[in-house]
Amino acid sequence: SSASTCTAGSGAAAEAVAPDPAVQVEADESVAADEPVAADEPAADDAPRADEAAEATEAGGPGAVDEGAGAPAAEEPAPRGPAAPGYDEAEREAVHRLMRDRRDIRNGFRPDPIPHEVLLRVLEAAHTAPSVGHSQPWDFVIIRSEETRTRVHELAQRQREVYAQSLPRARAKQFRELKIEAILDTPVNIVVTADPTRGGRHTLGRHTQPQMAPYSSALAVENLWLAARAEGLGVGWVSFFDERELVCSLDLPDHLEVVAYLCVGYVDEFPEEPELARAGWSKRRPLSWVVHEESYGRRALPGAEPHDLLAETLAEIRPLDARALGEAWERQKRMTKPAGALGALEILAAQLCGLSRTCPPPVPEPAAVAIFAGDHGVHARGVSPWPREVTAQMVQNFLAGGAVCNAFATQVGAEVCVVDVGVAADLPPGDGLLPRKVRPGTDDFTVGPAMTREEAVRALEVGIETARDLVSAGNRALLTGEMGIANTTVAAALTAVWTGADPAEVTGRGTGVDDAGHAHKVDVVRRALEFHRPDPTDPLGVVAAVGGLEHAALAGFILGGASLRVPVILDGVSAGAAALIARAIAPEAVSVCVAGHRSAEPGHMAALAALGLRPLVDLDLRLGEGTGALLALPVVQSAARALREVATFDAAGITDKN
Ligand SMILES: Cc1cc2nc3c(=O)[nH]c(=O)nc-3n(C[C@H](O)[C@H](O)[C@H](O)COP(=O)(O)O)c2cc1C
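Structure report, in brief. (Residues numbered from 1 in each chain as written. Predicted model: local features only at pLDDT ≥ 70, side-chain atom pairs only at ≥ 80, totals over all residues. Heavy atoms only, no water.)

## Brief notes about the sheet that holds strand S1 (residues 138-143)
So, step 1. Taken in spatial order, the four strands line up as S1-S2-S4-S3 in an open sheet, and their pairing is antiparallel. Taken across any chain shown, the strands that pair with only one partner, and hence form the sheet edges, are S1 and strand S3 (233-238). For this sheet, the mean angle separating the axes of adjacent strands, direction not counted, is 25°.
So, step 2. Pairing geometry for S1 and strand S2 (residues 188-194), over six bridges, is antiparallel. (Pairing = 2+ DSSP bridges. Helix = DSSP H or I, 4+ residues; strand = E, 2+ residues; numbered from the N terminus. Axes fitted to C-alpha atoms, helices over the stretch in contact; angles between N-to-C directions.)

Following this line, the structure appears as structure tokens:
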């Protein structure tokens, strides 16, 4: 099925509820007959007072009258009174300040007891939360006993270990420094539950979405959290539990769900930033990324013009910072080593400074490799000895941890994330899989365009959003990976467009075609280019004509990395082709690229030469999946670490050559 398939219940059910037009008319009439004549007119008791109306008019509120409009015509309905007033500015600011100042607290709790009246106010706030069908499904279990807290603490410790084991090495190192609960440091713990049976079987709204019961309890938690902040009480939410284990350990009735386990107490301070952001674990996402006008993807803040993601990303791409670059070269001259002795690593270290605008730069870890997967219509031309299904099968292999990229990622401590941008099969949901299919494979570009321009843009956007997600999640290096049977044919076509090379020079053997197969592959690329005559100054046109969905997404990934100023380590020939696309869209984007390795595919060196990039690793790899980029990661990290940790001659008291 295609990416945009919607299923609204079964066909039979849809038929059963489809309205009969005749019945509809009758029903409408009966509703109209029952309605009061002037439903809009406020009843006498509700009529706004004159002073309220005047206030609203002055403030230009919804009740304000446009003076130029003149008196309403006699037959027009009487104007509505002013809308119900909001809070005055000071009160409004207090509410917003409370929401800004609320923090999840795990450090700096004090043992001071919480007075009963304070805790009561906090619980009353929680109890005024909205709830599905007004079912008020929450209960609050107050835990003070040290014995119970110790038992719960042990459960959390165990889950902490399980989670730590599941992390890539760089993440695990960061996680070790994080405190994730304050169960034993707080005088009061509060368990917030949801009772999914409360209100009986007809609870309004819950019949369609049973999860509305725990959602309602979560709203009670937010009320509690805000009220606690206003009292100067810190709250830390702990979710490191097997929920059933916790129910059992707390001897709760079996039908209850634990929604939250909260640690509550007075604190030394409320940090201004989330603790995870301060620790570099995550970053706050801007509001403009998440507000969509009318349809998903049409991003716009209220009152602003909708912006397109690609244009917004391009507007944020800036050159390397000249001051930080200068400082890097200056410092490298003073480091305790002969000038230039670190060769290409010195150029790389300076690039990292220019990107991060600091010298020395942060070590680019944690890192994540995004493997964009897609299929290709040109596979039908016999350009690969492998069946197309292998793309989907390899995706499953990546997710199961059985591929070379997984082994290398484990070795270098990176996260593997797989993005289905165009696999020609329905993939089951899986941990680590981002389902972002633009379409199930491209069309055969020897007989028509591979995709539409609009699809090319959507694939680019998938790459941009993946970069945003991985960087917001705290990654400081992005690695490109890709999977798509027949995608070296596509890479060859793209590379030929921007290098001007003959297809014979940039078309390789991919997953292993023989001489005859290779000659045929060259011919396929040549025919496609003759057919489309793609214009290199129209990058989206080129991608639509002879591109691949994963190549477009990789280009977006590079552009996204460039806009966020995070180094992007390129893998092989498909990444090289994608970097050519990115450069054609935004020349400055190349400044974030690091060529991870030199692929055995001939098109790769042609692309790197055109991009002016020097590969770090040269081991005749021709696998893809991000393997070359992963091998290069420690080299990139070493370049940054050298700048951070190597002493200077003056600091170490060592005499320089001169
Ligand atoms: C549903 C939920 C579960 C959470 N679980 C934990 C947790 O187990 N451990 C922890 O340290 N923080 C936990 N937090 C706190 C978040 O890490 C925190 O809200 C986030 O980092 C933003 O920080 P802020 O709340 O200070 O703005 C949880 C928050 C929520 C909403």
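Once the structure has been displayed, the description carries forward.
## Re the pairing of S2
So, step 1. Within S2, seven of the seven residues are buried, leaving the element largely enclosed by the surrounding structure.
So, step 2. In S2, alternate side chains face the same way, and those of Val188, Ile190, Val192 and Ala194 on one face and Asn189, Val191 and Thr193 on the other are all buried.
So, step 3. Pairing geometry for S2 and strand S4 (residues 257-266), over seven bridges, is antiparallel. Counterpart to Val192 in the pairing with S4 is Ala260. (Buried < 20%, exposed > 50% of the residue type's maximum accessible area, 1.4 Å probe, protein only.)

## Description of the site of the ligand
So, step 1. Taken together, Arg102, Arg103, Asp104, Arg106, Ile180, Trp237, Val238, Ser239, Phe240, Pro274 and Leu276 are the residues near the ligand.
So, step 2. Taking Arg102, its side chain carries an N or O atom lying 2.9 Å from an oxygen atom of the ligand.
So, step 3. For the ligand, a nitrogen atom lies 3.3 Å from a polar atom in the backbone of Trp237.
So, step 4. For the ligand, the accessible surface in isolation is 620 Å², of which the surrounding protein chains cover 73%. (Near = heavy atom within 4 Å. Polar contact = N/O pair within 3.5 Å; in protein donor to acceptor, adjacent residues only side chain to side chain. Areas by Shrake-Rupley, 256 points an atom, 1.4 Å probe, with all protein chains shown as cover.)

## Considerations on the packing of helix H16 (residues 453-472) against helix H21 (residues 549-564)
So, step 1. One way to put it is that H16 packs onto H21 with a least axis distance of 6 Å and a crossing angle of 45°. By the angle between their directions, the pair H16 and H21 is classed as oblique. Note on packing geometry: the crossing formed by H16 with H21 is right-handed. Across the interface between the two elements, Ala456, Ala459, Leu460, Gly463, Ile464, Thr466, Ala467, Arg468, Leu470 and Val471 of H16 pack against Leu549, Ala552, Ala553, Ala555, Gly556, Phe557, Leu559, Gly560, Gly561 and Leu564 of H21.
So, step 2. Its residues assigned to classes, the contact of H16 with H21 shows 14 nonpolar, five polar and one charged. (Parallel < 35°, antiparallel > 145°, perpendicular 65-115°, else oblique. Left-handed = near helix turned anticlockwise from the far one by under 90°. Contact = heavy atoms within 4.5 Å. Nonpolar A, V, L, I, M, F, W, Y, C, P; charged D, E, K, R; others polar.)

## Quick notes on the pairing of strand S8 (residues 477-483)
So, step 1. Most of S8 is tucked away: seven of the seven residues are buried.
So, step 2. Here S8 shows two buried faces, one formed by Ala477, Leu479, Gly481 and Met483 and the other by Leu478, Thr480 and Glu482.
So, step 3. Note that strand S5 (residues 367-374) and S8 share seven bridges and pair parallel. Paired with Ala370 across the bridge in S8 is Thr480.
So, step 4. With two bridges connecting them, S8 and strand S9 (residues 568-570) associate as parallel partners. Counted as the bridge partner of Leu479 is Ile569 from S9.

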